[in-house]
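Below are the chains, spelled out letter by letter.
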Amino acid sequence: PPDSAASTSLRRCARRGVVFHHAGLTHAERELAEQAVRDGDAAIVVATTTLSTGVNLPAVRVVVLQLNDDFRAGDDAATRAAKTARGGALLRQQCGRAGRAGLAVRGDAYVVC
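The structure presented is a predicted model; accordingly, all values stated were derived computationally and were not measured.

### Details of a positive patch on the surface
Next up, step 1: A surface patch of positive charge is lined by R11, R12, R15 and R16.
Next up, step 2: Secondary-structure assignment places R15 in the loop between α1 (5-14) and β1 (18-21).

### Concerning the side chain of Q94
Next up, step 1: In this structure, Q94 sits in helix α3 (residues 77-95).
Next up, step 2: Owing to a relative accessible area of 14%, Q94 belongs among the buried residues under this scheme.
Next up, step 3: In contact with Q94, other than residues within four places in its own chain, are T49, S52, V62 and V64.

### With respect to a nonpolar patch on the surface
Next up, step 1: A cluster of nonpolar residues, V63, L65, Y110 and V112, forms a patch on the protein surface that exposes about 390 Å² of accessible area.
Next up, step 2: Secondary-structure assignment places V112 in the segment after β4 (108-111).

### Quick look at the pattern of salt bridges
Next up, step 1: Applying the stated criterion to the full structure yields 4 salt bridges.
Next up, step 2: As a salt-bridge pair, R61 and D108 come within 3.8 Å of each other at their nearest N and O atoms. Pair noted here: R61 is in strand β3 (residues 61-64) and D108 is in strand β4, with a separation of 47 residues, a long-range link.
Next up, step 3: Since its relative accessible area comes to 13%, D108 is described here as buried.
Next up, step 4: Residues participating in the shared-partner salt-bridge network are E31, E34 and R38.

### Looking at the nonpolar core
Next up, step 1: Grouped together as the largest cluster of nonpolar side chains are 12 residues: L10, A14, V19, F20, L25, A33, A36, V37, A42, L51, V55 and L57.
Next up, step 2: Mapped by element, the contributors of at least two residues to this core are α1, β1 and α2 (27-38).
Next up, step 3: Examining the composition of this core, we find that 3 residues originate from one element, α2, more than from any other.
Next up, step 4: Not counting residues within four places of it along the chain, the set of residues in contact with A36 comprises V19, D41 and A42.

### Some details on the confidence of the model for the protein
Next up, step 1: Per-residue confidence for the protein averages 82 on the pLDDT scale, and 95% of its residues sit at or above 70.
Next up, step 2: The spread of mean pLDDT over the elements of the protein runs between α3, the lowest at 81, and β1, the highest at 90.

### What about α1?
Owing to its 3.6 residues per turn, the α-helix brings residues three or four apart onto one side.
Next up, step 1: Along α1, the residues that are buried comprise S7, L10 and A14. For α1, the angular spread of buried residues about the axis comes to 65 degrees, placing them on one side.
Next up, step 2: Residues of α1 that are buried sit in contact with β1 and α2.

Conventions used here
- What you see as residue numbers is a count from 1 along each chain, following the sequence as written.
- Reporting in this predicted model follows two pLDDT cut-offs: at least 70 for local features of residues, and 80 or more for side-chain atom pairs to be given and counted; totals over whole chains, interfaces and linings ignore these cut-offs and use all residues.
- Working from all heavy atoms in the structure, the side-chain values ignore hydrogens and water.
- The residues that make up patches have over 30% relative accessible area and no salt bridge, and they are joined within 9 Å when like-charged or within 5 Å when they are Val, Leu, Ile, Met, Phe, Trp or Tyr.
- Each accessible area is a Shrake-Rupley result for a 1.4 Å probe, and residues are judged covered by the shown protein chains and nothing else.
- Whenever Lys or Arg places a side-chain nitrogen within 4 Å of a carboxyl oxygen from Asp or Glu, that contact is recorded as a salt bridge.
- Here Asp and Glu are counted as negative and Lys and Arg as positive; His is not counted, and neither are the chain ends.
- All charge positions are set by atom: Lys at NZ, Arg at CZ, Asp at CG, Glu at CD.
- Only runs of H or I of at least four residues qualify as helices and only runs of E of at least two qualify as strands under DSSP, and these elements are numbered from the N terminus.
- Think of it in three bands: residues with accessible area under 20% of the maximum for their type are buried, residues over 50% are exposed, and the middle band is partly exposed, with areas taken using a 1.4 Å probe on protein chains only.
- We call two residues in contact when some of their heavy atoms are within 4.5 Å.
- Among the buried residues, those of types Ala, Val, Leu, Ile, Met, Phe, Trp, Tyr and Cys that are joined through side-chain atoms within 4.5 Å form a nonpolar core.
- Values of pLDDT, ranging from 0 to 100, describe the predictor's confidence in every residue of the model.
- Directions from the helix axis toward the C-beta atoms define the arc.

Spelled out as structure tokens, the structure:
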């Protein structure tokens, strides 16, 4: 909704060159954030993994602040291996946002542990 707290906050942040992107936003709100980046109006995007797949946005720098570590006490070796592979693929997707071919000449990715 255009008058929701998220929409109001997103518009206020976008006017300052910062947007956020997560699954709790409506489609229109996510589109607003993505368009601000495409138009060069947003220099900083704070996002969850929702931005790592399916959205082709130019990025020079990606900073990953938390690796998704969802191991459970009862996980067997096969489950842990599958979760590790999935986590590695997700990290590659996240870091792959930096320096997108045709959109940026170079890209940097940082993982903060």
